[in-house]
Amino acid sequence: MGNRNSNFKKIMSTIKNQFQFVICGTDTDIGKTLISSFFVRGLNSFYWKPIQSGIESETDSQAVLRLTKVNKAKIINEAYIFREPVSPHWAAEIDQKVINFNLLNLPNVDGSLIVETAGGLMVPITRNYLQIDQIKQWGIPVILVCKSGLGTLNHTFLSIEALKKRNIQILGLVINGEKHLDNPRILTEFSGLPIIAEFPYIQKIDSKNLDILWEEQNIKKKLTSLFDF
Ligand SMILES: Nc1ncnc2c1ncn2[C@@H]1O[C@H](COP(=O)(O)OP(=O)(O)OP(=O)(O)O)[C@@H](O)[C@H]1O
Ligand SMILES: [Mg+2]
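Residues numbered from 1 in each chain as written. Chains lettered and ligands numbered in written order. Predicted model: local features only at pLDDT ≥ 70, side-chain atom pairs only at ≥ 80, totals over all residues.

Caption draft 1: Main features of the sheet that holds strand β4 (residues 75-76). Judged by pairing direction, the sheet is parallel, and its 7 strands sit side by side in the order β4-β2-β6-β1-β9-β10-β11 without closing on themselves. The open sheet terminates on both sides in strands that have one partner only, identified here as β4 and β11 (195-199). Bridge count for strand β2 (residues 46-48) against strand β6 (residues 113-120) is 3 bridges, and the pairing is parallel. Among the inter-strand pairings, W48 is bridged to a residue of β6, identified as V115. In the packing of helix α2 (residues 32-43) onto the sheet, contacts are made with β1 (20-25), β2, β6, β9 (142-147), β10 (170-176) and β11, and the angle to β6 comes to roughly 175°. Contacting β10 and β11, helix α7 (residues 183-191) runs over the sheet at an angle of about 165° to β10. (Pairing = 2+ DSSP bridges. Helix = DSSP H or I, 4+ residues; strand = E, 2+ residues; numbered from the N terminus. Contact = placed C-beta atoms within 7 Å. Axes fitted to C-alpha atoms, helices over the stretch in contact; angles between N-to-C directions.)

So, in structure tokens, the structure goes:
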């Protein structure tokens, strides 16, 4: 039944030319929110950060709203906001909250949807449930954000292996940071995955620069071909 339901959803989003995917990273602080903003603005999509841990600075939803300038209604409320900037399983315990998995079901939106994970794939949401288990449950594909420089190969290949093992569809990679001479080549050759964007280090992160990169790298066209519309 779950499968039929997700097949139906897939067909419906195909008809409407809508993109729904998860932005996951090989690590925390890897650029998921920045890259989510890139896609949210480019596609004028909805954005959802189901679990936000840490409220000291700007939340990810606030950052996406600021960077994309989309209609506020496109930013879907978090299911959970925990005070401490630690793994969700522990952040929930500190706040004495018990996660209700029904609240983590994908929101029903009329349009494209980008979901940003809490940290990397193997981050625990509870003491016996990982972020990657929730991604499998959602049944939508993943774009993996990885860093461009030293250390990325191990993290990225491990993440890809974990996704493949669970038959989670990976649309491709976004390589974030200063251009590296060989990493894009080895990443794509070894994984067989396309590179959707090489997102450079940018001094001034604003909507204008996001738009320039969106056009320069022809992202809409690349995504459309990956979704097989
Ligand atoms: N390509 C880039 N150019 C300039 N700054 C960047 C770039 N990528 C990331 N940053 C900066 O690095 C910091 C971390 O990025 P971001 O918040 O997008 O990471 P994240 O993976 O969403 O983190 P979290 O795990 O907390 O959700 C931010 O201050 C962001 O502006
Ligand atoms: Mg983030």
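Moving on, there is more to tell.
Caption draft 2: Inspection of the environment of Q203 at higher detail. In this fold, Q203 is placed in the loop between β11 and α8 (207-216). The class of Q203 is exposed, set by 6 C-beta atoms lying within 10 Å. Taking the C-alpha atoms as reference, Q203 lies 25 Å from P85; in sequence the two are 118 residues apart. (Buried ≥ 20, exposed ≤ 12 C-beta atoms within 10 Å, placed from the backbone.)

Caption draft 3: Structural detail: the site of ligand 1. Taken together, the neighbourhood of ligand 1 is formed by 16 residues, with T28, G31, K32, T33 and L34 sitting nearest. The element that contributes the greatest number of residues to the shell around ligand 1 is α2, accounting for 3 residues. Taken together, the residues of the shell around ligand 1 break down into 6 nonpolar, 7 polar and 3 charged. (Near = placed C-beta within 6 Å. Nonpolar A, V, L, I, M, F, W, Y, C, P; charged D, E, K, R; others polar.)

Caption draft 4: Quick peek at the nonpolar core. By size, the foremost hydrophobic cluster in this structure holds 43 residues, and its most contacted members are V142, I143, L144 and V174. Element by element, the count of residues in this core is highest for α2, at 6 residues. If you look at the next biggest cluster of nonpolar residues, it comprises 8 residues, including I51, F82, A92 and I125. (Core = buried A, V, L, I, M, F, W, Y, C linked by C-beta atoms within 7 Å.)

Caption draft 5: Local environment of unusual backbone geometry. The phi dihedral of N167 falls on the positive side, at around 55°, and the residue is not glycine. Locating N167 in the fold gives a position in the loop between α6 (152-165) and β10. We note that N218 has phi near 55°; this positive angle belongs to a residue other than glycine. You can see N218 is positioned in the loop between α8 and α9 (219-227). We classify N218 as exposed; it has 10 C-beta atoms within 10 Å.

Caption draft 6: Quick look at the pairing of β6. Within β6, 8 of the 8 residues are buried, which leaves the element mostly enclosed by the surrounding structure. Looking at chain direction, β1 and β6 are connected through 5 bridges and run parallel. Looking at β6, one finds that G25 is bridged to G120.

Caption draft 7: Examining helix α3 (residues 60-68) more closely. Burial in α3 covers these residues: D60, S61, V64, L67 and T68. Taken end-on, α3 shows its buried residues confined to a sector of 135°, consistent with a single buried face. Its buried side turned inward, α3 meets α2, β2, β3 (51-53), β4, β6 and α8. At the exit of α3 stands K69, carrying a positive phi of roughly 60°. (Arc of directions from axis to C-beta.)

Caption draft 8: Structural detail: the environment of A91. Mapping A91 onto the fold places it in helix α4 (residues 88-94). Owing to 21 C-beta atoms within 10 Å, A91 belongs among the buried residues under this scheme. As a C-alpha pair, A91 and Q52 span 39 residues in sequence and 9.4 Å in three-dimensional space. When neighbours within four sequence positions are excluded, A91 is seen to be in contact with S53, F82, E84 and V86.

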